[in-house]
Amino acid sequence: MADLDDLFRLDQYVGPESLAERCFQVICKNLDIISVKDKRGYRNLLEGIVCPSEICDKLIEYVLHMIRNDSNEDHDWFFTIFKNVWVTKLKHVKVVGSNMTDQSVQILTNHKLVKLELTDCPNLTEQSVEYINANAENLHTLVCHGTSKHIILAKLTAYQERGYLFKIPNLRTLALEHVRIPAPEYGILLSGLTNLTSLDLSNSFDVGSFDFFYLVPNLISLVLYNVKISNQAQAFVSNICHLKNLRHLDISQINPQNGVFANPNTILSNIVNGLPQLTSLDISGTNLAGKEIVNRPIQTVEEYYSDICNNNLCDIPGLTSRVHRPLQFLGLYGANDAPCRRCNIPAKLIAGNANEGQILVAAHVYMNNKEDLMQKVINDLYHMYRYENCHRTDQALCAVLEAMEKYPTQKDIQTFGSAALFYIVKMKEKGELEARLKKRIVRTLLVGMSIHKNEETMMRHACLTLYQFQLPRDVMSHYETLVKILLHLLKYAEQQSYIQRIGVFLLNTLACQVTGREKRLLGSLGCIKIMLELIRYRVESKRYDDVIEVAWSTMWNVTDETPINCQRFFEENGMVLFFVCAMQYPNKEELLKNMMGLLGNVAEVQSLRVHLMQQSYMMVFANILRTVRESMEVPYNAVGILAHTASDGVEAWTIKKPSRDVVLELMVEAIERWDISSERNINYRSFLPLLRLVDIYHTPQCQHWAVWALANLTSVYPRKYCMLVIREGGLEKLNTLISDSRPYERIKELAHIVIENCFHYCNNTNDLNVHSPLDEDYTYNSDG
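For clarity, every value in this text was computed on a predicted model and none was experimentally measured.

Q: Please explain the confidence of the model for the protein as it appears in this structure.
A: Looking at the protein as a whole, its pLDDT mean stands at 88, while 91% of the residues score no less than 70. Ignoring residues within four places in sequence, the model shows residues 303-310, a span with pLDDT below 50, making eight contacts including any to other chains.

Here it is, written out as structure tokens:
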């Protein structure tokens, strides 16, 4: 086994993806590049294309990784790509989590494979065995995890009649999980496989005393994980000790009750003494480590220190013979009496839970075929990184991600894995995680969230982990998937639950700083409707919390420059909830700010302003201008709404109270109260809505608000907003305004401020691509 430092490495996730990886990704998403569908939907390789095994082997892995969770239909439509063995070549095939049928096994085995792994393929029958046997001359490795119970038992009688199950003379490695045959039938199972060097019978029903050892005389590795052998331990040990070439033995247990041996010290001693080549031993979940030697024989001080210096001490009685020849690996995870915490253990690498290193070793060893043990290991990692100061966060990150990817449907692994990710990612410095690694973490979390979307604990951990990233930037490649998950969470989570609160905050973050495409997507997926449902519940139950504020904020973001979402707000009766909230919570400044911001977006859409022209709504807006004086943000948005509404002209003002003239007067009074140098909690991506108001000469009050906003923003944030004014033609409009007689003087003063801010910004940046405001296209009269 490799050193601890080499067990998990981030190297493969640092730096750009290889060209080969990108090509595989593109092909997998667009199989039409290399194949065409027939009338039945099956794929055939395009004429003229020839694919070597290096491509074909990988293609199966990549494609199945993408489609295995999509549907319950079989995957035979894909495997037909490899039907022609003259233009495609397969050698090492790994099929995991597929609904393929025997038909596909026939296609694959026709390639005379060297290695075949069929893991969790429930639709296979005993016919697959015959296809394997018919094309087995090159087969060296056969792995059937989670599949063997489907392909072995069905024809046991027929196998007995012919005397064998597999006819694979050159097979070196055989792994069959959950074999449910009586011990005497192993003669049929292993008949003719005399070249086997590795045998894995994990979780099998009964191997008796392993008295069929003579069928596999060349074994180097024997795995009997979770196979009960304690009832015939003496005979078992006697039989396996005939396998003199054995280097790795795994007799670990998940259920400690099945790992209780009589005379454990003797049993363990007989194993290590009877297998001279043994370098790797797993006795996790058993009592074979015995009791720690506490009362050692009385020694002189010289003798004691001599033992220490010469490494003669051993705290596992059955391993005293290996003190001077320590094992390369020893599995003690979950063993009785916590032997992994003892001091003197003759092994270089130990799987246990005593420290960070032992847990990482356990994760490496148990990753591939010990799902139940991995649940405990990931739980241990979570607690380790939650409560202790750890040093191998990169390796832990790899271990957790690999486990979550390998076992996406395992609830505990996903739950504790996502929790461990939260603490690991939190420990990282900002910018320390590579882009590819971030992408992998996000993808892994989203797969788990999609499968376990109703598991509140897992969802909470995953959401908190995602919060550690730069959002929405780090999730843009999976934006739609994450939005759908969050909307499902918000729709079905218990009202006022912690997970609902996390979900709405995360969704609001995703709605910020995205383009119209993402905003339209949010609307089409039902974001506005669900936000209004959250608000309605709180209004009706009179329970005010920050969720109601964030729900309005989310809709503010989603409706920004997105008319279709503004329309959805009206269609879902959002104005009714606005009015109720305004009446019920008149002093909640954050709530009012978010509601006014949302309606400011609505007011920018001319066709929707008619819905705002109701006395009850207009009274709310006017009242805000009269009463809210402590903060600028709420009345700022209220004036904006009224400015857009008034810009439609006198004839569009169809209500008597408040009158248009009164509202315009209140607007000016409010604007003149604001400090032009005030910092703002606002973000404009475009000034076009403001610049449209600059052209409203029939109502100068509308211009007043728009030009004040430009003057404020270019004064406080010149780097961010001066170029935006220039790019969108703002200087031309302001020069025209200054030269017109209709705007009153204060508006022109503000226009001068904007132009001067832009001039100074351009002059200071020395940007040769920027036209100076003093060029002839931008001239203005500085005297007004």
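Q: Would you explain the nonpolar core in this entry?
A: The tendency in soluble globular proteins is for nonpolar side chains to be buried as a group. In terms of nonpolar packing, the biggest core is built from 173 residues, with W552 and W705 touching the most fellow members. Considering each element in turn, this core owes the most residues, nine residues, to helix α30 (residues 700-716). Formed by 94 residues, the second largest nonpolar core is a distinct cluster that contains I60, L116, L165 and L224.

Q: Mind showing me how you'd approach the pattern of salt bridges here?
A: Opposite charge on two side chains lets them pair, provided their charged atoms get close. All chains considered together, the criterion is met by 23 salt bridges. Where E130 meets R162, a salt bridge forms, and the shortest distance between an N and an O atom there is 3.1 Å. Note that E130 is positioned in helix α5 (residues 127-134) and R162 in helix α7 (residues 156-162), a separation of 32 residues in sequence. Taking the relative accessible area as the measure of exposure, R162 reaches 30% and is therefore partly exposed. Here R473 ties to D474 by a salt bridge, and the two come within 3.7 Å at their closest N and O atoms.

Q: Looking at this structure, I do not really get the packing of helix α25 (residues 589-603) against helix α27 (residues 633-646). What am I missing?
A: To characterise two packed helices, one gives the angle between the axes of the helices and the distance between these axes. Put simply, α25 and α27 touch, their axes get as near as 8 Å, and they point 25° apart. In terms of their interaxial angle, α25 and α27 are classed as roughly parallel. For the element pair α25 and α27, the recorded crossing hand is left-handed. Judged by residue contacts, E589, L592, K593, M596, G597, L599, G600 and A603 of α25 engage E633, V634, N637, A638, I641 and H644 from α27. Partitioned by chemical class, the residues of the contact of α25 with α27 number seven nonpolar, four polar and three charged.

Q: In this structure, what is going on with the packing of α30 against helix α33 (residues 745-765)? I would like to understand it.
A: Taken N-terminus to C-terminus, the directions of α30 and α33 make an angle of 30°; their axes are 8 Å apart at the nearest point. Between α30 and α33, the angle falls in the class roughly parallel. The hand of the α30/α33 crossing is left-handed. Across the interface between the two elements, P700, Q703, H704, V707, W708, L710, A711, T714 and S715 of α30 pack against R746, I747, L750, A751, I753, V754 and N757 of α33.

Q: Which parts of the structure should I look at to understand the packing of aromatic side chains?
A: Each aromatic ring pair is specified by the distance between its two centres and by the angle formed by the two planes. One pass over the structure, following the stated rule, counts 25 aromatic pairs. Between F569 and F570, the ring centres sit 5.9 Å apart and the planes meet at 70°, which makes this aromatic pair edge-to-face. Accessibility expressed as a relative area gives 0% for F569, which makes it buried. Pairwise contacts between aromatic rings join W77, F78, F79 and F82 into one cluster. Between K588 and the ring centre of Y544, over which it is positioned, the NZ or CZ distance is 4.6 Å.

Q: For this particular structure, what's the right way to read helix α32 (residues 730-739)?
A: Count 3.6 residues to each turn of an α-helix, and residues three or four apart come out pointing the same way. Among all positions of α32, only G730, L731, L734, N735, L737 and I738 are buried. Down the axis of α32, the buried side of the element spans an arc of 160°, and every buried residue falls inside it. Next to the buried residues of α32 lie α29 (688-694), α30, α31 (718-727) and α33.

Q: Even after reading the chapter, I still don't get the pairing of strand β12 (residues 347-351), so can you show me in this structure?
A: Regular strands show a simple pattern: their side chains alternate between the two faces of the sheet. For β12, the tally of buried residues reaches four of five residues, placing the bulk of the element in the interior. Looking at chain direction, strand β11 (residues 327-331) and β12 are connected through four bridges and run parallel. Opposite L330, over in β12, you have I350 as the bridge partner.

Q: What exactly am I supposed to notice about the side chain of K428 here?
A: Within the element layout of this structure, K428 appears in the loop between α15 (411-427) and α16 (435-451). Not counting residues within four places of it along the chain, the set of residues in contact with K428 comprises T393, D394 and L433.

Q: How should I be thinking about the environment of I485 in this particular structure?
A: On the secondary structure map, I485 appears in helix α18 (residues 479-492). Spatially, the C-alpha atoms of I485 and N454 are 10.0 Å apart, while their sequence positions differ by 31 residues. Once residues within four sequence positions are removed from consideration, I485 is found in contact with L446, M449, S450 and M459.

Q: Sorry if this is basic, but what is going on with the side chain of H644 here?
A: Inspection of the secondary structure assignment puts H644 in helix α27. Residues in contact with H644, not counting those within four places in the same chain, are A603, E604, R609, P689, L693 and W705.

Q: Help me out: how do you make sense of the environment of F687 in this one?
A: Mapped onto the secondary structure, F687 falls in the loop between α28 (660-673) and α29. A relative accessible area of 0% places F687 in the buried class. Residues in contact with F687, not counting those within four places in the same chain, are L710, L713, Y721, L724, V725 and E728.

Q: Is there a simple way to explain the layout of surface pockets in this structure?
A: Over the atoms rolls a probe the size of a water molecule, and in doing so it shows where empty space is left. Taken as a whole, the second largest pocket encloses approximately 620 Å³ of empty space. Along the wall of the second largest pocket there are 30 residues; nearest its centre are W556, N557, N681, I682 and N683. Elements with a contribution of two residues or more to the lining of the second largest pocket: α22 (546-559), α25 and α27. No other element matches α25, which puts six residues into the lining of the second largest pocket.

Q: What is the right way to read a positive patch on the surface from this model?
A: Residues K58, K94, K115 and K406 make up a contiguous surface patch of positive charge. If you trace the backbone, K115 turns up in strand β4 (residues 115-119).

Q: Would you take a moment to explain helix α26 (residues 615-627) for this structure?
A: A rise of 1.5 Å per residue sets the reference length of α26, with its 13 residues, at 18 Å; its end C-alpha atoms lie 18 Å apart and thus fit the reference within 8%. For α26, every residue scored as buried is listed here: Y617, M618, V620, F621, A622, I624 and L625. On the buried face of α26, the contacting elements are α24 (574-584), α25, α27 and α28.

Q: I would appreciate a short explanation of the sheet that holds strand β10 (residues 280-282) in the present structure.
A: Sheets are built from strands that pair by backbone hydrogen bonding, the pairs being arranged parallel or antiparallel. The ten strands lie next to each other as β3-β4-β5-β6-β7-β8-β9-β10-β11-β12, forming an open sheet whose pairing is parallel. This sheet does not close on itself; its edge strands, each paired only once, are β3 (92-96) and β12. Strand-to-strand twist of the sheet, defined as the mean angle between neighbouring strand axes without regard to direction, takes the value 5°. With five bridges joining them, β3 and β4 adopt parallel strand pairing. Paired with V96 across the two strands is T119, which belongs to β4.

Q: I'm lost on unusual backbone geometry in this one. Help?
A: Excluding glycine, residues mostly have negative phi values, and the peptide bonds linking residues are mostly trans. That bond from L471 to P472 is cis: its omega, 5°, falls within 30 degrees of zero. Mapped onto the secondary structure, P472 falls in the loop between α17 (456-466) and α18. A cis geometry characterises the amide bond from K657 onward to P658, with omega recorded as -10°. One can find P658 in the loop between α27 and α28. With a phi angle near 60°, N226 is a residue other than glycine that sits in the positive phi range. With respect to the element layout, N226 can be found in the loop between β8 (221-223) and α9 (233-240). Although it is not a glycine, N573 adopts a positive phi angle of roughly 60°. Here N573 lies in the loop between α23 (563-571) and α24.

Thresholds, definitions, all that
All residue numbers refer to position in the chain's written sequence, counted from 1. Restriction of local features to residues with pLDDT of at least 70 applies here, the model being predicted, together with a cutoff of 80 or more for giving and counting side-chain atom pairs; totals for whole chains, interfaces and linings are based on all residues. As a rule here, side-chain values cover all heavy atoms of the structure and leave hydrogens and water aside. Scored between 0 and 100, pLDDT is the confidence that the predictor attaches to each residue. Contact definition: two residues touch when any of their heavy atoms are within 4.5 Å. To form a nonpolar core, buried Ala, Val, Leu, Ile, Met, Phe, Trp, Tyr and Cys residues must be joined to one another through side-chain atoms within 4.5 Å. Whether a residue is buried, partly exposed or exposed follows from its accessible area with a 1.4 Å probe, protein chains only, as a fraction of its type maximum: under 20%, in between, or over 50%, in that order. Comment: elements are numbered from the N terminus, with helices defined as DSSP H or I runs of at least four residues and strands as E runs of at least two. By salt bridge we mean one thing: a side-chain nitrogen of Lys or Arg within 4 Å of a carboxyl oxygen of Asp or Glu. To get an axis, fit a line to the C-alpha atoms, keeping to the stretch in contact for a helix; angles then go from 0 to 180 degrees between the N-to-C directions. Roughly parallel here means an angle under 35 degrees, roughly antiparallel means over 145, roughly perpendicular means 65 to 115, and every remaining angle is called oblique. When the near helix sits turned anticlockwise from the far one by under a right angle, the crossing is termed left-handed; a clockwise turn instead gives a right-handed crossing. Think of it as three bins: nonpolar holds Ala, Val, Leu, Ile, Met, Phe, Trp, Tyr, Cys and Pro, charged holds Asp, Glu, Lys and Arg, and polar takes everything else, Gly as well. For Phe, Tyr and Trp, rings pair up if their centres lie within 6.5 Å, where Trp contributes its six-membered ring, and each pair is then called stacked (planes under 30 degrees apart), edge-to-face (over 60) or tilted (otherwise). In our convention, an over-ring charge means Lys NZ or Arg CZ found within 6 Å of a ring centre and within 35 degrees of that ring's normal. Starting at the helix axis, one direction is taken to each C-beta atom, and the arc is that of these directions. Note on pairing: DSSP must find at least two bridges between two strands before they are called paired. Using protein atoms alone on a 1 Å grid, points that fit a 1.4 Å probe yet trap it form a cavity, whereas open point sets bounded by protein on both sides within 12 Å along at least five of seven lines form a pocket; residues with an atom within 4 Å of a point count as lining. Grid points are joined across faces, edges and corners, and a volume is the space filled by probe spheres set on the points. Patch definition: residues above 30% relative accessible area lacking any salt bridge, with like charges linked at up to 9 Å and the nonpolar side chains Val, Leu, Ile, Met, Phe, Trp and Tyr linked at up to 5 Å. To be clear on the numbers: accessible area is Shrake-Rupley with a 1.4 Å probe, and residue cover counts the displayed protein chains and nothing else. By the counting rule applied here, Lys and Arg register as positive and Asp and Glu as negative, while His and the ends of each chain are not counted. Note on charges: their place is set at NZ of Lys, CZ of Arg, CG of Asp or CD of Glu. Expected span of a helix, by definition, is 1.5 Å for each gap between consecutive residues, and there is one gap fewer than residues.

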